[in-house]
Amino acid sequence: QVQLVESGGGLVQPGGSLRLSCAASGFAFSSYAMSWYRQAPGKERELVARITSAGGSRNYPDSVKGRFTISRDNAKNTVYLQMNSLKPEDTAVYYCNANWVFTYWGRGTQVTVSS
C-alpha cells in the first residue's frame, strides 16, 4: 500500500522556520522524483520545491528560492522541506508528491504563518 505521510506543520511567527518531513512507503522511493506543493484557501495548488530521484538537481519557484530547501534521504525513504524566513503568504496546506511511473500524493500538513 502506497503511503506518503507529511509531518512538521504548525503555527509559526513571520520570520520563523519549520521543517516538514514526508515518510514514504509502498513504492520504489529512490526511483521517484519528489516534490512539495502547497495550496492556500481559494488558490490553485502550486509547486514549491522538487528534487530528482538521486538528489542531484533541485528546483524552486522564485517565491521561495533562497528561503526553502528540499532534501531527501533515500535510505530512510523520506523527503524534507526546510522553510526559513517564513512569511504570512506561505500559509497553506503543504503536500508531498512522488512522480515517475505513477504519481502519488500525501494528505497534507497545515502551515500557518501568523503573529
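These numbers come from a predicted model, not from an experiment. (Residues numbered from 1 in each chain as written. Predicted model: local features only at pLDDT ≥ 70, side-chain atom pairs only at ≥ 80, totals over all residues. Heavy atoms only, no water.)

Trainee: What is the right way to look at the packing of aromatic side chains in this model?
Mentor: Aromatic ring pairs are reported here in terms of the distance separating the ring centres and the angle at which the planes meet. Overall, the coordinates contain seven aromatic pairs when judged by the stated rule. Note on Tyr32 and Trp100: the rings are 5.6 Å apart at their centroids and 80° apart in plane angle, and the pair reads as edge-to-face. With a gap of 68 residues between them, Tyr32 in the loop between β3 (18-25) and β4 (33-39) and Trp100 in the loop between β9 (92-99) and β10 (103-105) connect regions that are remote in the sequence. Classification of Trp100 as exposed rests on a relative accessible area of 53%. Through a chain of ring-to-ring contacts, the aromatic side chains of Phe27, Phe29, Tyr32, Trp100, Phe102 and Tyr104 assemble into a single cluster. For the cation-ring pair, Arg19 lies above Tyr80, with the distance from its terminal atom to the ring centre recorded as 4.0 Å. Sitting over the ring of Tyr95, Arg45 keeps its end group 3.8 Å from the ring centre. (Phe/Tyr/Trp six-rings, centres within 6.5 Å; stacked < 30°, edge-to-face > 60°. Helix = DSSP H or I, 4+ residues; strand = E, 2+ residues; numbered from the N terminus. Buried < 20%, exposed > 50% of the residue type's maximum accessible area, 1.4 Å probe, protein only. Lys NZ or Arg CZ within 6 Å of the ring centre and 35° of its normal.)

Trainee: Got a minute to help me understand the environment of Gly56 in this structure?
Mentor: With respect to the helices and strands, the residue Gly56 is situated in the loop between β5 (46-51) and β6 (58-59). Considering only alpha carbons, one finds Gly56 and Ser71, 15 residues apart in sequence, at a separation of 9.9 Å.

Trainee: I'm lost on the pattern of salt bridges in this one. Help?
Mentor: A side chain of one charge can pair with a side chain of the opposite charge if their charged atoms are brought near each other. Applying the stated criterion to the full structure yields four salt bridges. Between Arg38 and Glu46 there is a salt bridge whose closest N-O contact spans 2.7 Å. When its relative accessible area of 6% is taken as the criterion, Arg38 is described as buried. Among the ionic pairs, Arg38 bridges to Asp90, the shortest N-O distance being 2.9 Å. Placement of Arg38 in strand β4 and of Asp90 in the loop between β8 (78-83) and β9 is noted, with a sequence separation of 52 residues between them. Neither Arg38 nor Asp90 differs from the other in exposure class; each is buried. Because the salt bridges share partners, they merge into one network encompassing Arg38, Glu46, Arg67 and Asp90. (Salt bridge = Lys/Arg side-chain N within 4 Å of Asp/Glu carboxyl O.)

Trainee: How should I be thinking about the sheet that holds strand β7 (residues 68-73) in this particular structure?
Mentor: Hydrogen bonds between backbone atoms are what pair the strands of a sheet, whose relative direction is either parallel or antiparallel. Overall, antiparallel pairing links the four strands, which are arranged β1-β3-β8-β7 in an open sheet. Lying at the two open borders of the sheet, with one neighbouring strand each, are β1 (3-7) and β7. Pairs of neighbouring strands in the sheet enclose a mean axial angle of 15°, with direction left out of account. Pairing of β3 with β8, which is carried by six bridges, proceeds in the antiparallel orientation. Bridge pairing in β8 links Leu20 to Leu81. (Pairing = 2+ DSSP bridges. Axes fitted to C-alpha atoms, helices over the stretch in contact; angles between N-to-C directions.)

Trainee: What should I look at first to understand a nonpolar patch on the surface in this one?
Mentor: Residues Trp100, Val101 and Phe102 make up a contiguous nonpolar surface patch of roughly 360 Å² in combined accessible area. Looking at where Val101 falls in the secondary structure, it is placed in the loop between β9 and β10. Residue classification places Val101 among the exposed residues on the basis of a relative accessible area of 54%. (Patch = residues over 30% accessible without salt bridge, like charges linked within 9 Å, V, L, I, M, F, W, Y side chains within 5 Å. Areas by Shrake-Rupley, 256 points an atom, 1.4 Å probe, with all protein chains shown as cover.)

Trainee: Even after reading the chapter, I still don't get the nonpolar core, so can you show me in this structure?
Mentor: One broad rule of soluble globular proteins: the nonpolar side chains tend to lie buried together. If you look at the biggest cluster of nonpolar residues, it comprises 30 residues, and the most contacted ones within it are Leu4, Met34, Trp36, Val79, Leu81, Met83 and Tyr94. Elements represented by at least two residues in this core include exactly β3, β4, β5, β7, β8, β9 and β11 (109-113). The residues contacting Tyr94, other than those within four sequence positions of it, are Glu6, Leu20, Trp36, Tyr37, Arg38, Val48, Phe68, Leu81, Met83, Gly108, Thr109 and Val111. (Core = buried A, V, L, I, M, F, W, Y, C linked by side-chain atoms within 4.5 Å. Contact = heavy atoms within 4.5 Å.)

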